[in-house]
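Descriptive analysis of the structure
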Amino acid sequence: MNWELLGFAFLTGMLLYSAFKVVTTTYITHAAIYLAFTFVALAGFFLMLSANFLAAVQILVYAGAVVALVVFAIMLSQRQDYSGKPIEETRTEKIERTFGSQYWGALPLVIAAGVAAIMIVIYRQVVAAGYWTSEPGPALEDSTVAIANELFTKYLIPFEVVSLVLLAAMIGAIILTKREGQR
Amino acid sequence: MPEWVMAIIKILIVLAFIGLNGMFLIWAERKVAGFIQARIGPARVGRPQGFFQLFADAIKMFSKEDVRPAAADKWVWWFAPVVFFTPVAMAFLVLPFGPNVIGLDMNIGLIYLAAVASFALLGVFMAGWGSNNKYSLLGAMRAGAQMISYEIPLILATIGVIMITGTLSTQGIVEYQVAHGWNIKTQFLAFVVFFIAMLAELNRTPFDLVIAESELTSGFFTEYSGIRWGMFMFAEYTNIFVMSALAVTLFFGGWASPFGLVGSVLIFLIKTYAIVFLIIWIRWSVPRVRIDQLMTLGWKFLLPLSLFNIVFTGLILLI
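Treat the numbers as computed from the prediction; the structure is a model and nothing was measured. (Residues numbered from 1 in each chain as written. Chains lettered and ligands numbered in written order. Predicted model: local features only at pLDDT ≥ 70, side-chain atom pairs only at ≥ 80, totals over all residues. Heavy atoms only, no water.)

Regarding the confidence of the model for chain A
Here chain A shows a mean pLDDT of 78. Residues at 70 or above account for 78%. Helix 7 (residues 156–177) of chain A holds the highest mean pLDDT among the elements of chain A, 88, whereas helix 4 (residues 91–100) of chain A holds the lowest, 68. (pLDDT = per-residue confidence, 0-100. Helix = DSSP H or I, 4+ residues; strand = E, 2+ residues; numbered from the N terminus.)

This is the structure we're talking about:
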């Protein structure tokens, strides 16, 4: 048995299912939890590509910090429905609601499948033309050192600019949430 | 022996260790609490000192009924203990118990630990929300605020050590200390920040607002019973061990000892349990802080101190 293929299939299934549930679930808290599992599955892909550092950062930043912030936003915004009892619905109603709606049911699914098919065709063309190799490059012995060297020499200025943008966003958020005349 | 058999054996050893360590720490906590409060503590079940109380507790926990609240969000409630427990068990992969006694010596060991530790918050949130109980939800909200605030100084405090040793591998950090002496000599400030942030991450007194028995009736796991409650309890106590072991690895020389392999593992365990004892000691000696004091301490003192430590270490290394 091909363990790598099995792992890939598992991760892909987890990723697609949880990503689908993020947008179709009725509860925003469930969406946050599914989002966390989406990020974990993505970290699994990084791990399969032997990008250890990226996988760990993916979990640390996205599954840890970003999901925590999403959860915080949910808990701080005063919605009544997060502690209420879930709406009772039968299995058929649920399937109907998930796939039947023309706005966020079958139609987006068909569109997504179409886009995926087109992307696969394009990727095959690109690989066939020889721009990308379908074989992964040799795994780096120490990807952390390699990333750090690139980040702090070649890409130092873009790196610092990105941090400046984040700082500006943070200050902007504080100013926007503070009302006029309030300390 | 094939590789996967070895892997399964290692996993079983870690799980057995988690079980024994959890049971032992619950007993030890009750004995230390008794000692500090000038009473005896559990003394009825077995000798010496009611030692078999821990087995009695474990059997009771396994055999209790697993009650699910009728209004709970079924799957979220069911899955929360698993999400909370798994990262704690995963942390054992990179803890260096001895020169070769380590699950996997990764070159990103510390980042791996930070990553798996950050995932525990999701378990807390799932438990708090899934229980559909106001105490649980309040506990989860407090946990969110507290764990985000204290994770930052916790990770920043380790950066000083990483700068000195020049490696992220836990084994590499210990090997550096074997050659150059304990890191606590040069990174005392980092240790102080790390220790305080560690107490908050573990939800231990004086930062136990998340659990707060007297006001929240143990917070996010109020609605759990039997073995599910036990999983939270084991995860909490294993987390204490993991964090203490990390502190020993980073600041107190890890397994460094002149007594060979067995001696190294013993030295490591003794140091770790000394820090665990310190944590228990603090729990029974210090009152709980208020939530505004908690936030002030985290953001206005620990964060600047850890940043100062990084800059200072950098300057020293440059000169």
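Things to note about the interface of chain B and chain A
Counting residues at the interface gives 27 residues for chain B and 25 residues for chain A. Summing both sides of the interface, chain B and chain A together bury roughly 2,300 Å²; the carbon and sulfur share of this comes to 79%. When the buried area of chain B at its contact with chain A is split by residue, B:Phe119, B:Phe125 and B:Trp129 rank highest and sum to 25% of it. Counting across the chain B and chain A interface gives 0 salt bridges. Our enumeration of links across chain B and chain A arrives at 0 residue pairs in polar contact (both at pLDDT 80 or more). At the level of elements, helix 3 (74–90), helix 4 (109–118), helix 5 (120–130) and helix 6 (134–165) of chain B are the ones that each hand at least two residues to the side of chain B that touches chain A. Among the elements that line the side of chain B that touches chain A, the one with the most residues is helix 6 of chain B, at 8 residues. (Contact = heavy atoms within 4.5 Å. Buried area = accessible area lost by both parts, 1.4 Å probe. Salt bridge = Lys/Arg side-chain N within 4 Å of Asp/Glu carboxyl O. Polar contact = N/O pair within 3.5 Å; in protein donor to acceptor, adjacent residues only side chain to side chain.)

Structural notes on the domain arrangement of chain B
All names here are of chain B. Split by domain assignment, chain B resolves into domain 1 (1–63) and domain 2 (65–318). Counting residues at the interface gives 20 residues for domain 1, matched by 24 residues for domain 2. Carbon and sulfur atoms make up 78% of the area that domain 1 and domain 2 hide from each other, which totals about 1,900 Å². Considering only the side of domain 1, the residues that lose the most area to domain 2 are Ile 18, Glu 29 and Met 61, jointly responsible for 33% of the buried surface there. Taken together, domain 1 and domain 2 are joined by 1 salt bridge. (Domains from an automatic or database assignment.)

Notes on the packing of helix 2 (residues 28–48) of chain A against helix 5 of chain B
With their axes 11 Å apart at the nearest point, helix 2 of chain A and helix 5 of chain B run at an angle of 155° to one another. Of the possible angle classes, the one that applies to helix 2 of chain A and helix 5 of chain B is roughly antiparallel. Once helix 2 of chain A is placed against helix 5 of chain B, the crossing between them reads as left-handed. Across the interface between the two elements, A:Thr29, A:His30, A:Ile33 and A:Ala36 of helix 2 of chain A pack against B:Leu122, B:Phe125, B:Met126 and B:Trp129 of helix 5 of chain B. (Axes fitted to C-alpha atoms, helices over the stretch in contact; angles between N-to-C directions. Parallel < 35°, antiparallel > 145°, perpendicular 65-115°, else oblique. Left-handed = near helix turned anticlockwise from the far one by under 90°.)

Let's talk about the nonpolar core
Residues and elements named next belong to chain B. Phe 194, Met 198 and Phe 251 are the most contacted members of the largest nonpolar core, which totals 111 residues. Considering every element that reaches this core, the biggest residue donor is helix 10 (residues 226–251), with 15 residues. Setting aside chain neighbours within four positions, we find Met 198 in contact with Leu 154, Met 243, Ser 244, Ala 247, Ile 275 and Ile 279. (Core = buried A, V, L, I, M, F, W, Y, C linked by side-chain atoms within 4.5 Å. Buried < 20%, exposed > 50% of the residue type's maximum accessible area, 1.4 Å probe, protein only.)

Things to note about the side chain of A:Gln58
Residues and elements named next belong to chain A. Within the fold, Gln 58 resides in helix 3 (residues 52–76). Judged by its relative accessible area of 8%, Gln 58 falls in the buried class. A polar contact is formed between the side chain of Gln 58 and the backbone oxygen of Phe 39, at a distance of 3.5 Å.

With respect to the side chain of B:Glu29
Residues and elements named next belong to chain B. Assignment of secondary structure puts Glu 29 in helix 1 (residues 3–36). Among the residues examined, Glu 29 registers a relative accessible area of 3% and is labelled buried. Excluding residues that lie within four positions of it along the chain, Glu 29 makes contacts with Arg 204, Tyr 237, Ile 280, Arg 283 and Trp 284.

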